[in-house]
Amino acid sequence: MRIQRDESLGVTLFEPDDFDNPIIQHYAFTRCKSYKASALKEMKRVYEQKELEEPFTQAFAESALDQWLFDVLQDVPFPGPRRGEEDFTFIDLFAGIGGFRIAMQELNGLCVFSSEWDLAAQETYRRNFGERPFGDITKQEVKRHIPKEFDILCAGFPCQPFSRAGVSARNFLGKEHGFEDKIQGNLFFDIIEIVEKHRPKVLFLENVKNLKSHDGGNTLATIKSMIENLGYSFNFKVINSQTLVPQRRERSFIVCFRNRSKTFEFPDFSGEPLKLSTILEQSVPDSFTISDALWDGHIRRSKRNKERGTGFTVGLADLNKPSNTIVARYYKDGKECLIPQDGKNPRMLTPKECSRLQGFPDSFQIHKSKKQAYHQFGNSVAVPVIKKIAKEILKKI
Ligand SMILES: C[S@@+](CC[C@H](N)C(=O)[O-])C[C@H]1O[C@@H](n2cnc3c(N)ncnc32)[C@H](O)[C@@H]1O
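Small disclaimer: the values here were computed from a predicted structure and weren't measured.

*Asks:* Hey, could you run me through unusual backbone geometry in this one?
*Replies:* Leave glycine aside and you will find that most residues have negative phi; peptide bonds, for their part, are mostly trans. Despite not being glycine, F94 has its phi angle at roughly 50°, a positive value. With respect to the element layout, F94 can be found in the loop between β3 (88-93) and α4 (99-106). We note that N108 has phi near 70°; this positive angle belongs to a residue other than glycine. With respect to the secondary-structure elements, N108 resides in the loop between α4 and β4 (109-114).

*Asks:* Honestly, the site of the ligand in this entry has me stumped. Any pointers?
*Replies:* Not every one of the 21 residues close to the ligand is listed here, only the nearest: I97, G99, E116, D136 and S380. The separation between a nitrogen atom of the ligand and a polar main-chain atom of W117 is 3.3 Å. The backbone of I137 places a nitrogen or oxygen atom 3.0 Å from a nitrogen atom of the ligand. Of the pockets mapped on this structure, the ligand occupies the largest pocket. The residue inventory of the shell around the ligand, partitioned by class, reads nine nonpolar, nine polar and three charged.

*Asks:* Hey, could you run me through the sheet that holds β3 in this one?
*Replies:* Whether parallel or antiparallel, the strands of a sheet pair through hydrogen bonds between backbone atoms. Spatially, the six strands line up as an open sheet ordered β4-β3-β5-β6-β8-β7, and their pairing is mixed. In this open sheet, the two strands that pair with only one neighbour each are β4 and β7 (235-240). On average, each strand axis in the sheet is tilted by 25° relative to the strand beside it, whichever way the strands run. Examined bridge by bridge, strand β6 (residues 202-208) and strand β8 (residues 250-257) share seven bridges and lie antiparallel to one another. Within the sheet, the bridge partner assigned to N207 lies in β8 and is S252. Across the sheet, helix α9 (residues 218-229) lies against β6, β7 and β8, angled at about 15° from β8, the strand it touches most. Of the strands in this sheet, β3, β5 (152-155), β6, β7 and β8 touch helix α14 (residues 383-394), which is tilted by about 20° from β8.

*Asks:* How do you make sense of the pattern of salt bridges when you look at a structure like this?
*Replies:* Pairing is possible between side chains that carry opposite charge, provided their charged atoms lie close to one another. Tallied over the entire structure, the rule returns 17 salt bridges. Residue E228 pairs with K224 through a salt bridge whose shortest N-O separation is 3.2 Å. In this pair, E228 and K224 are both assigned in helix α9, four residues apart and thus about one turn of the helix distant. Given a relative accessible area of 27%, E228 falls into the partly exposed group. Given a relative accessible area of 35%, K224 falls into the partly exposed group.

Conventions we followed
- Residues numbered from 1 in each chain as written.
- Predicted model: local features only at pLDDT ≥ 70, side-chain atom pairs only at ≥ 80, totals over all residues.
- Heavy atoms only, no water.
- Helix = DSSP H or I, 4+ residues; strand = E, 2+ residues; numbered from the N terminus.
- Near = heavy atom within 4 Å.
- Polar contact = N/O pair within 3.5 Å; in protein donor to acceptor, adjacent residues only side chain to side chain.
- 1 Å grid on protein atoms, 1.4 Å probe; cavity = no way out; pocket = protein on both sides within 12 Å on 5 of 7 lines; lining within 4 Å.
- Sits in = over half its atoms within 2 Å of the grid points.
- Nonpolar A, V, L, I, M, F, W, Y, C, P; charged D, E, K, R; others polar.
- Pairing = 2+ DSSP bridges.
- Axes fitted to C-alpha atoms, helices over the stretch in contact; angles between N-to-C directions.
- Contact = heavy atoms within 4.5 Å.
- Salt bridge = Lys/Arg side-chain N within 4 Å of Asp/Glu carboxyl O.
- Buried < 20%, exposed > 50% of the residue type's maximum accessible area, 1.4 Å probe, protein only.

Dropping the structure here:
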């Protein structure tokens, strides 16, 4: 336990150890009963180590939380609705930097649990929403904090093959292997375990475009059969974000209802693609201009690939069209999208431009490391796409 004053935040922090942080923070923001006992216990422990004279009471704890004493950030840009004022609740799994969360909060959803194990992503998440997400979702001590009831499970989960994990949908659901065996693999099993236990009204999942063809179709077929075996409906669609943000980003979306009699149609995303020029910053430092060595390398590789008729060719972005898909590795060489400049080598997009390509509001706090920022936006979702699908979901619940 550390007790310190963080000048940059302007608050006195009673900083609990690692794992207890999210419990107190989740309680502070959601006031969900499920966190109350653990949060109070942890606050008491932290408080007692400070050897103050005043006895620790619940009233003290609640007032300390209201005064943001327990390492809870005040004035975050996206605090979400207050408990009791929300229209629905959701959980944010594989939360990244909270692309789902922004969209769901804009529709007045209250996030009652988040999980993300990457420390840098946790940091960005906390700066924006106030709480640090819980860590590794495969761990029971993380899963046990999920509140009993919530309406929507959101997850942009990593895509992994099932066949090589050696566990088929049938023997998984028949529990021949038991949940313990899933270390062989697949994070989707953790989602299934959570769905089976909590039975939310809706599952809202996002994945890479090639989910359909991944592992010869086995991955999607397994996902579908597992979800249907739990009694949920299953709706799947690949959607391109280019009419809502100036980025060609095709992603798979899955929406499932506990009440399988609910019919669902994904909204229409057709229309004129947006122009990259609309999100560019006016003045960009020279540090974003790529070096001669990098630019020469791009040109050489593109030429070689073109001659062989294979591989990726680097082209300068057409500012009147959407950009290519921004990926997590963009920070390495920027080859997915290079902006032409007069009399200079082309430049990379800035992190702010990447945030706009994913439809994040300009008030979103971007990670201070450029590398992390590119990585985080490359992994994230196009927020307006999530919001448009979610609006359609909410009409049904
Ligand atoms: C595709 S990204 C999702 C990004 C997110 N939708 C967003 O808007 O930023 C998948 C995330 O899952 C996280 N992750 C992978 N395995 C995890 C685990 N076992 N527990 C918690 N998070 C995990 C990764 O760190 C990564 O940030």
